[in-house]
Amino acid sequence: MARMTDKTFVEMVHQHFGFLINEFQYKVNQEYQSQDQYDSGFVEFTSSTVVLQVKKDGQNLLVSIMPRGEPEVSREYLPTISEALSVFKAEECPVIVAPHEYEKALNLYASLLKENLKNLLVGDFSQWLEILRFKIEDRKKDYFSWTGKKLPPNTFRQLEEYIRSKKTQGHYT
């Protein structure tokens, strides 16, 4: 019998995020597993309205969501989403994960999504612009606390333009 650590990252993602396919009719859009199981890998799930990606890059484990058909600037990561919606603290979502902890972290991420963020999983982006605004304000505060300076004005120019555009068009409000 294979040990848990013998599974590839992609296999672990399928195991823990299979509910997206079974319960929410997502499809696997693309996936990649490096030959070195401790190197990069990802699985991208899509529904008719959502793109959800589970990715590892070295020891960084990232789960992101974005509205389908939108530009990359609209992609947001689970810790920020959860913090913006006051679902749980960002610190509860490990980002730096040792390979022997992938299984545990993927299980946690999948559970948090399933239990707390079903609205996003079914394509309800009514709070999406609020989440993106939260990200900008949170990063400004973090930058100021780290440096004592204001964030350079163009840092989030593309994201701010995206938010303005969607708000003007009446999307995600």
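In the block above lies the structure referred to throughout.
Read on for an overview of the structure. Residue positions within a chain follow its written sequence, with the count starting from 1. Side-chain atom pairs in this predicted model are given and counted only at pLDDT of 80 or more, local residue features only at pLDDT of at least 70, and totals for whole chains, interfaces and linings cover all residues. Only hydrogens and water are set aside; all other atoms, that is, all heavy atoms of the structure, feed into the side-chain values.

Strands are runs of DSSP state E lasting at least two residues, helices are runs of H or I lasting at least four, and both sets are numbered from the N terminus onward. In this fold, T49 is placed in the loop between β2 (41-46) and β3 (50-57). We call a residue buried when its accessible area falls under 20% of the maximum for its residue type, exposed when it is over 50%, and partly exposed in between, using a 1.4 Å probe and counting protein chains only. Note on T49: relative accessible area 32%, which makes it partly exposed. Any two residues whose heavy atoms approach within 4.5 Å at even a single point are treated as in contact. Setting aside residues up to four positions removed in sequence, T49 forms contacts with M66, P67, R68, V122, G123 and F125.

Further remarks concern the pattern of salt bridges. Within this document, salt bridges are pairs made up of a side-chain nitrogen of Lys or Arg and a carboxyl oxygen of Asp or Glu, the two lying within 4 Å of each other. One pass over the structure, following the stated rule, counts 8 salt bridges. Between K7 and E103 there is a salt bridge, with the nearest N and O atoms lying 3.4 Å from each other. Taken together, the positions of K7 in the segment before α1 (9-24) and E103 in helix α3 (residues 102-116) put the pair 96 residues apart, joining distant regions of the chain. Owing to a relative accessible area of 22%, K7 belongs among the partly exposed residues under this scheme. Measuring nitrogen to oxygen at the nearest pair gives 3.5 Å for the salt bridge that ties R139 to D138. D138 gets classed as partly exposed once you look at its relative accessible area, which sits at 22%.

With respect to topology, 5 strands assemble into an open sheet ordered β1-β2-β3-β4-β5, the strand pairing being antiparallel. Both outer strands of the open sheet, β1 (27-33) and β5 (76-77), are each paired with one neighbouring strand and no more. In terms of strand pairing, β3 meets strand β4 (residues 60-67) through 8 bridges, oriented antiparallel. Along β4, the bridge assignment pairs D57 with N60. At least two DSSP bridges between two strands are needed for those strands to be called paired.

Within the secondary structure, T80 sits in helix α2 (residues 78-84). Any pair of N or O atoms that falls within 3.5 Å is considered a polar contact. Within protein, one atom must be able to donate a hydrogen and the other to accept it, and sequence-neighbouring residues count only if both atoms are side-chain atoms. Looking at T80, its side chain comes within polar contact range of the side chain of E76, at 3.5 Å. Setting aside anything within four residues of it in sequence, one finds T80 in contact with F134, K135 and R139.

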